[in-house]
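Spelled out from the first residue to the last, the chains are:
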Amino acid sequence: MDCIFCKIIAGEIPSTKVYEDERVLAFRDIAPMAPTHILVIPKEHIPSFAYINEENAPLVAHILAVAAKIAREEGLEEGGYRIVSNCGDDAGQTVKHLHFHILGGRKLTLEMA
Ligand code: AMP
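For clarity, every value in this text was computed on a predicted model and none was experimentally measured.

**Student:** An account of the layout of surface pockets is needed here, citing residue identities and associated values.
**Tutor:** The calculated volume of the largest pocket comes to roughly 420 Å³. Together, 24 residues line the largest pocket, and F5, D29, I30, L39 and V95 are the ones closest to its centre. For the lining of the largest pocket, the elements supplying multiple residues, two or more each, are α1 (4-10), β2 (24-28) and β3 (36-42). Tallying contributions element by element places α1 first for the lining of the largest pocket, with three residues.

See the structure below:
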């Protein structure tokens with residue numbers, strides 16, 4: 001499949017891994033928009049947030065629990081942080097593989113992704 005994130009999961013494209021288990025991978029964004037900018041993705045190819053359903057919801061819950069753990073370990077809890085999932089063209093989704101951005105380490109404006 002021609003998906004950048006599937007290639008990262010397969011090890012065909014390098015990434016700076018932050019966390020990995022059998023269902024989830026987290027790595028640093030290649031173009032960080034904040035001092036801490038990490039992407040958390042399912043290893044299973046889910047095209048976007050719009051494809052979340054009752055069947056894969058437990059996986060999504062696991063992704064979110066992992067995101068909270070990473071934010072804690074990155075020292076973001078005290079200052080706060082943002083979780084973002086861009087869905088579709090109007091939201092500016094550029095990679096069609098479900099991902100949650102963890103953004104923190106500075107004051108975030110409402111405009112920023
Ligand atoms: P979105 O625009 O919400 O679809 O987010 C996609 C994100 O993936 C962007 O923030 C990109 O900077 C990031 N990205 C694209 N390619 C890579 C890569 N090879 N390694 C790490 N992050 C990437």
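**Student:** Residues and numbers for the environment of L39, please.
**Tutor:** Secondary-structure assignment places L39 in strand β3. As for L39 and L103, which are separated by 64 residues in sequence, their C-alpha atoms are 8.9 Å apart. Residues within four places of L39 in sequence aside, it is in contact with F5, L25, A26, F27, D29, H99, F100 and H101.

**Student:** Go over the site of the ligand, please, and point to the residues and values.
**Tutor:** Neighbouring the ligand are 15 residues; D29, N86, T94, H99 and H101 lie closest to it. At 2.8 Å, a side-chain N or O of N86 approaches an oxygen atom of the ligand. A distance of 2.9 Å separates an oxygen atom of the ligand from a polar side-chain atom of H101. Protein burial of the ligand: of its 500 Å² of free accessible surface, 85% is covered by the chains. More than half of the atoms of the ligand fall within 2 Å of the grid points belonging to the largest pocket. When residues of the shell around the ligand are traced back to their parent elements, those giving at least two are α1 and β2. Among the residues forming the shell around the ligand, the class breakdown is seven nonpolar, six polar and two charged.

Rules used throughout
- Residues numbered from 1 in each chain as written.
- Predicted model: local features only at pLDDT ≥ 70, side-chain atom pairs only at ≥ 80, totals over all residues.
- Heavy atoms only, no water.
- 1 Å grid on protein atoms, 1.4 Å probe; cavity = no way out; pocket = protein on both sides within 12 Å on 5 of 7 lines; lining within 4 Å.
- Points joined across faces, edges and corners; volume = space filled by probe spheres on them.
- Helix = DSSP H or I, 4+ residues; strand = E, 2+ residues; numbered from the N terminus.
- Contact = heavy atoms within 4.5 Å.
- Near = heavy atom within 4 Å.
- Polar contact = N/O pair within 3.5 Å; in protein donor to acceptor, adjacent residues only side chain to side chain.
- Areas by Shrake-Rupley, 256 points an atom, 1.4 Å probe, with all protein chains shown as cover.
- Sits in = over half its atoms within 2 Å of the grid points.
- Nonpolar A, V, L, I, M, F, W, Y, C, P; charged D, E, K, R; others polar.

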